[in-house]
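Structure at a glance
So you can see what is in the structure, the chains are spelled out below.
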Amino acid sequence: MSVDYLKHSASIKGRYQERKLDDALSLSVDYFEQVLTENKDKSTIAQAGIQLAQIYYTKGVYSGENIWIQKAIETLDSCQLIVENLANQQVKLSYYLIAIQSYALMDQDQNAQAYREKAIELVKDTNTPSATVQLQILLCKEAIEANDFDMAFDLVQKGISTVESASVSTLEYEKATLYNLLGRIQIMRQDIVETLKISQVALKISQERKDIENELIALNNLAIVHGIQSEYKEAMTYLMQGLEISTAIKYRQQIARCRINMGSIYAHLFNYKAALEHYKDVANEYDDVIERSAQIVLLNNIGTIHLDIHQNEEAIEYFEKAFQLASDSNYKELKALNASQLGRGFYHLGDNKRALTNAHIAAEIFDQLGKVNGIQLNLLNLGLIAHSEKDYASANKYLSQCVVASKTLKDDLTEIRAYRALSETYEAQDNIQQALTYLQIYTSYKSEYSKLQRSRQLLDLEIRYGIQHKQREIERLQTENELQALLLAQKDQIEAKNQELEEVNQELKRFASIVSHDLKEPLRMIGSFAKLIGRDKNTTLSTASIEYFKYVEDGVERMGKILSALMYYATIGKEGEPTKEIDLNTIVEICALHLRVATAESNATIKYENLPKIHSKNSLLVQLFQNLLSNAIKFRKPDQAPAITVFAKEQKDVVQIAVQDNGIGIEAQHMAKIFDIFQRLHAKDVYEGTGVGLAVCLKIAKRLGGRIWVESEAEKGSTFWVELPKTLVEI
Ligand code: ADP
């Protein structure tokens with residue numbers, strides 16, 4: 001590979017790493033084309049193709065649009081043979097890894113599986129740390145995707161030990177990726193002690209390496225960890241950073257994740273309005289890019305807020321959707337969570353029967369899962385239902401269990417509610433002593449809780465004040481992206497329309513020139529035979545018939561002229577004549593020379609002087625002015641010699657040239673149509689012509705970036721005006 005190529009591919013890589021995808025993509029497309037046309041060595045071609053496929057793939061993931069993934073697959077296909085014959089194992093592995101992910105995204109599982117097997121085989125053979133860890137990362141991501149967190153955990157551990165036993169400096173990217181994956185898995189397993197530490201390492205490595213994607217994931221993981229520990233300000237800071245970056249690089253999935261997390265922080269801060277705004281925006285605009293589990297969590301969160309603000313019907317609607325999705329995908333925990341929330345919704349609506357059914361469904365799953373978040377709420381609900389069914393023994397049991405679970409899960413609010421419910425249950429059983437004890441606990445906690453609530457509301461204000469600046473920056477980026485997308489769509493539309501027009505134009509030109517060309521031959525035949533018959537000495541034809549054949553001859557001659565004119569019209573400006581500086585005096589001089597016979601016959605004079613110079617196309621100008629001058633001679637008054645003057649007016653960027661005659665003039669009502677093809681105002685035997693001349697003038701004037709019009713009055717002569725740019729800019 002030459003230095004040039006190395007440089008090129010490295011600069012694409014740099015842009016890709018910073019996720020300037022549009023830049024990277026356009027460079028990479030050009031580069032791949034270049035190595036193909038220059039027929040570079042196989043390994044260069046393969047690497048350029050793989051790089052391009054990788055960028056397409058990422059663009060597809062970020063935007064959520066499958067056509068990019070399709071392009072990734074097409075690009076891979078185009079260099080498949082080359083790759084298979086390469087000796088370089090690393091190149092092959094990169095190919096397989098992108099292929100696996102692309103096919104998996106397109107639900108072409110068989111193809112994905114085939115490449116997965118190849119990759120596994122290859123890694124076994126090569127056994128280098130780098131290849132091994134790349135495969136482990138991919139498999140780990142797949143395990144997470146399939147919700148198999150034990151498997152994912154196992155793989156990530158293996159990966160980390162591979163990286164740590166190898167020389168670390170070369171596998172920094174893999175290290176950051178693995179730490180991020182581990183963070184994610186531990187968050188899912190609700191085991192966050194280590195997550196903070198490793199996420200900080202991942203953040204540091206990726207920031208140093210300008211590895212944007214890992215930076216984002218690290219920020220997100222850090223935000224979640226802080227959020228779980230009720231450190232909302234820190235969490236929000238990380239989320240804002242993440243949101244800004246993901247908006248800048250148009251990573252829609254990540255934008256959605258950040259906003260979901262921001263929504264839940266706002267919910268914890270009792271700012272339900274802001275929370276709902278984030279959640280609903282994501283549900284409406286990013287539904288296509290978020291994973292199923294995130295969709296369910298989102299619906300659950302929206303439902304929960306509605307429940308908190310006593311909009312029970314809406315709440316139930318969201319929980320039902322979420323429950324359905326969770327059941328379809330067999331996400332046990334999410335299923336339990338939503339069943340439990342459904343139970344609460346129905347309880348608040350006073351429908352104890354359905355409340356109980358759902359609470360039992362939830363309880364059954366929670367029993368299998370152990371003490372996971374959500375169980376405390378279900379216990380509280382079971383207690384409340386039992387109480388309203390006057391089953392106080394069960395109510396006591398559930399509520400006490402709820403207190404224990406809430407303590408473990410650090411859910412203060414539920415714990416407080418349980419105390420109040422316990423107090424009410426004891427009161428209902430006339431155990432005033434116990435009722436009072438719980439009431440006291442409740443009130444003391446409650447006042448503490450109110451304090452907490454107030455301080456969180458304060459924190460909410462503080463956070464919103466602190467992020468105002470970032471918020472504006474993000475909004476600016478967002479509008480910029482939307483504008484860009486709009487422009488791009490418009491550009492595409494215009495390009496498509498232009499293409500269409502160009503095709504229609506070409507088609508028309510071809511049609512006109514073929515028709516006129518092909519018709520000439522049979523016409524010539526008719527003409528010659530008419531002549532032969534009409535002039536046959538031995539003819540038995542009557543004099544009248546011979547006369548008719550003269551008409552046929554005339555007609556044929558005229559049609560020949562029309563066809564030539566048509567062909568000429570169709571092919572104007574086809575040659576692509578160069579633009580140069582032209583003296584308009586010379587143009588008129590040449591035209592006059594061409595028209596010398598007609599001028600002499602009619603005693604015409606053509607006056608011109610001091611015409612300007614312009615940048616334009618020579619032969620088109622000659623055609624244009626020759627037509628105007630010849631018309632000025634032709635449409636003369638029968639008793640007056642044509643006196644023609646050509647003069648010009650200069651303006652800032654254009655010149656206006658007039659061809660003025662003293663001929664028959666044109667009536668106002670005809671002025672518009674004379675520039676149309678085949679439009680003439682006179683019988684052919686009065687003024688000879690085909691009606692193409694002015695149509696040609698109009699076409700040329702337009703082609704030269706100008707326009708043409710006429711000023712005239714019947715009997716008083718005409719002035720044809722041509723306006724042309726001083727410098728023709730070719731499009
Ligand atoms: P043709 O000259 O072959 O008839 P053109 O397209 O050149 O066709 O002109 C169209 C019509 O415009 C003419 O038939 C004529 O009626 C009118 N015309 C053009 N130039 C002049 C002129 N200088 N004075 C009067 N009428 C004109």
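Residues numbered from 1 in each chain as written. Predicted model: local features only at pLDDT ≥ 70, side-chain atom pairs only at ≥ 80, totals over all residues. Heavy atoms only, no water.

**Some details on the sheet that holds strand 7 (residues 718-725)**
In space, the five strands of this open sheet follow the order 2-4-5-7-6, with mixed pairing throughout. Every other strand in the sheet has two partners, leaving strand 2 (605-608) and strand 6 (707-712) as the edge strands with one partner each. The sheet shows a mean angle of 20° between the axes of neighbouring strands, taken without regard to direction. Judged from the four bridges that link them, strand 2 and strand 4 (residues 643-650) form a sheet pairing that is parallel. Directly across from Tyr608, in strand 4, lies its bridge partner Val646. Here helix 25 (residues 584-594) sits on the sheet in contact with strand 2, strand 4 and strand 5 (654-660), set at roughly 175° to strand 2. Here helix 27 (residues 618-634) sits on the sheet and contacts strand 2, strand 4, strand 5, strand 6 and strand 7; the angle it forms with strand 7, its principal contact strand, is near 170°. (Pairing = 2+ DSSP bridges. Helix = DSSP H or I, 4+ residues; strand = E, 2+ residues; numbered from the N terminus. Axes fitted to C-alpha atoms, helices over the stretch in contact; angles between N-to-C directions. Contact = heavy atoms within 4.5 Å.)

**Overview of the site of the ligand**
Near the ligand there are 21 residues, and of these Asn631, Asp661, Arg680, Gly691 and Leu694 occur at the shortest range. Contact distances for the ligand include 2.8 Å between a nitrogen atom and a side-chain N or O atom of Asp661. Between Leu694 and the ligand, the recorded distance is 2.8 Å, taken from a backbone N or O atom to an oxygen atom. Taken by itself the ligand offers 530 Å² of open surface, and the protein chains cover 98% of this. Elements with a minimum of two residues in the shell around the ligand: helix 27, helix 28 (693-703) and strand 7. A per-element tally of the shell around the ligand places helix 27 first, with three residues. Per-class residue counts for the shell around the ligand are nine nonpolar, nine polar and three charged. (Near = heavy atom within 4 Å. Polar contact = N/O pair within 3.5 Å; in protein donor to acceptor, adjacent residues only side chain to side chain. Areas by Shrake-Rupley, 256 points an atom, 1.4 Å probe, with all protein chains shown as cover. Nonpolar A, V, L, I, M, F, W, Y, C, P; charged D, E, K, R; others polar.)

**Describing the pattern of salt bridges**
Following the criterion strictly, the structure yields 27 salt bridges and no others. Lys250 serves as the salt-bridge partner of Asp22, at 3.0 Å between the closest nitrogen and oxygen. Highlighted residues: Asp22 in helix 2 (residues 21-37) and Lys250 in the loop between helix 13 (232-248) and helix 14 (252-268), separated in sequence by 228 residues. According to the relative accessible area criterion, Lys250 is partly exposed, its value standing at 28%. (Salt bridge = Lys/Arg side-chain N within 4 Å of Asp/Glu carboxyl O. Buried < 20%, exposed > 50% of the residue type's maximum accessible area, 1.4 Å probe, protein only.)

**Some details on the packing of aromatic side chains**
As enumerated under the stated definition, the model contains 15 aromatic pairs in all. Aromatic side chains Phe270 and Tyr272 sit 6.5 Å apart centroid to centroid with 85° between the ring planes, which places their arrangement in the edge-to-face category. Taken together, the aromatic side chains of Tyr95, Tyr96, Tyr103 and Tyr115 make up a single cluster linked through ring pairs. Above the ring of Trp68, the side-chain terminus of Lys59 is found at 5.2 Å from the ring centroid. Cation over ring: Arg189 sits above Phe153, and NZ or CZ is 4.3 Å from the ring centre. (Phe/Tyr/Trp six-rings, centres within 6.5 Å; stacked < 30°, edge-to-face > 60°. Lys NZ or Arg CZ within 6 Å of the ring centre and 35° of its normal.)

**A word on a negative patch on the surface**
A cluster of acidic side chains, namely Glu313, Glu314, Glu317 and Glu320, defines a negative patch on the protein surface. Structurally, the position occupied by Glu317 is in helix 17 (residues 312-329). (Patch = residues over 30% accessible without salt bridge, like charges linked within 9 Å, V, L, I, M, F, W, Y side chains within 5 Å. Lys, Arg positive; Asp, Glu negative; His and termini not counted. Charge placed at Lys NZ, Arg CZ, Asp CG, Glu CD.)

**Examining the packing of helix 8 (residues 129-145) against helix 9 (residues 149-165)**
Any two packed helices are characterised by how steeply their axes cross, that is the angle between the axes, and by the distance between the axes. Running from N to C, helix 8 and helix 9 cross one another at 160°; their axes reach a closest spacing of 8 Å. Here helix 8 lies roughly antiparallel to helix 9, going by the angle between them. Relative to helix 9, the crossing made by helix 8 is left-handed. Between helix 8 and helix 9, the contacting residues are Pro129, Thr132, Val133, Gln136, Leu139, Cys140, Ala143 and Ile144 on the first element and Phe149, Met151, Ala152, Leu155, Val156, Lys158, Gly159, Thr162 and Val163 on the second. (Parallel < 35°, antiparallel > 145°, perpendicular 65-115°, else oblique. Left-handed = near helix turned anticlockwise from the far one by under 90°.)

**A look at helix 25**
Of the residues making up helix 25, those classed as buried are Leu584, Asn585, Ile587, Val588 and Cys591. Along the axis of helix 25, the buried residues cluster in a sector spanning 160°; they form a single face. On its buried face, helix 25 sits against strand 1 (580-583), strand 2, strand 3 (613-616), helix 27, strand 4 and strand 5. (Arc of directions from axis to C-beta.)

**Quick look at the layout of surface pockets**
The computed volume of the second largest pocket comes to approximately 1,100 Å³. Along the walls of the second largest pocket sit 32 residues, with Asp22, Lys59, Lys250, Gln484 and Ala485 positioned nearest its centre. Within the residue set of the lining of the second largest pocket, elements represented by two or more residues are helix 2, helix 3 (42-63), helix 13, helix 14 and helix 23 (432-534). Top contributing element to the lining of the second largest pocket by residue count: helix 23, with 10 residues. Residues that form the lining of the second largest pocket fall into these classes: 12 nonpolar, five polar and 15 charged. (1 Å grid on protein atoms, 1.4 Å probe; cavity = no way out; pocket = protein on both sides within 12 Å on 5 of 7 lines; lining within 4 Å. Points joined across faces, edges and corners; volume = space filled by probe spheres on them.)

**So, the environment of Ile316**
Positionally, Ile316 belongs in helix 17. Under the relative-accessibility criterion, Ile316 is labelled buried at 8%. Considering only alpha carbons, one finds Ile316 and Ala598, 282 residues apart in sequence, at a separation of 94 Å. Not counting chain neighbours up to four residues away, the residues in contact with Ile316 comprise Leu342, Gly345, Phe346 and Leu349.

**A closer look at the packing of helix 9 against helix 10 (residues 172-188)**
Helix 10 packs onto helix 9 with a crossing angle of 150° between their chain directions and a minimal axis gap of 10 Å. The angle between the axes of helix 9 and helix 10 places the two elements in the roughly antiparallel class. Seen along the crossing, helix 9 lies across helix 10 with a hand that is left-handed. Contacts between helix 9 and helix 10 involve Phe149, Ala152, Phe153, Val156, Gly159, Ile160, Val163 and Glu164 on the former and, on the latter, Glu174, Lys175, Leu178, Tyr179, Leu181, Leu182, Ile185, Gln186 and Met188. Partitioning the contact of helix 9 with helix 10 into residue classes produces 12 nonpolar, two polar and three charged.

**Here's the deal with the side chain of Asn300**
Topologically, Asn300 is positioned in helix 16 (residues 292-308). Assessed through its relative accessible area of 6%, Asn300 is described here as buried.

**Here's the deal with the pairing of strand 4**
If a strand is regular, its side chains alternate between the two faces of the sheet. As paired elements, strand 4 and strand 5 share six bridges and run antiparallel to each other. If you follow Lys649 over to strand 5, its bridge partner there is Gln656. Between strand 4 and strand 5, which follow one another and run antiparallel, lie three residues.

**Remarks on the side chain of Thr162**
Mapped onto the fold, Thr162 is located in helix 9. The class of Thr162 is buried, set by a relative accessible area of 14%. In this structure the side chain of Thr162 is engaged in a polar contact, spanning 2.7 Å, whose partner is the backbone oxygen of Lys158. Every residue in contact with Thr162, bar those within four places of it in the chain, is listed here: Pro129, Thr132, Val133 and Gln136.

**Examining unusual backbone geometry**
Positive phi values are uncommon outside glycine, yet Asn610 reaches one of about 55°. Here Asn610 lies in the loop between strand 2 and strand 3. With relative accessibility at 73%, the residue Asn610 sits in the exposed group. Here Glu715, not a glycine, exhibits a phi torsion of approximately 75°, which is positive. With respect to the secondary-structure elements, Glu715 resides in the loop between strand 6 and strand 7. Assessed through its relative accessible area of 53%, Glu715 is described here as exposed.

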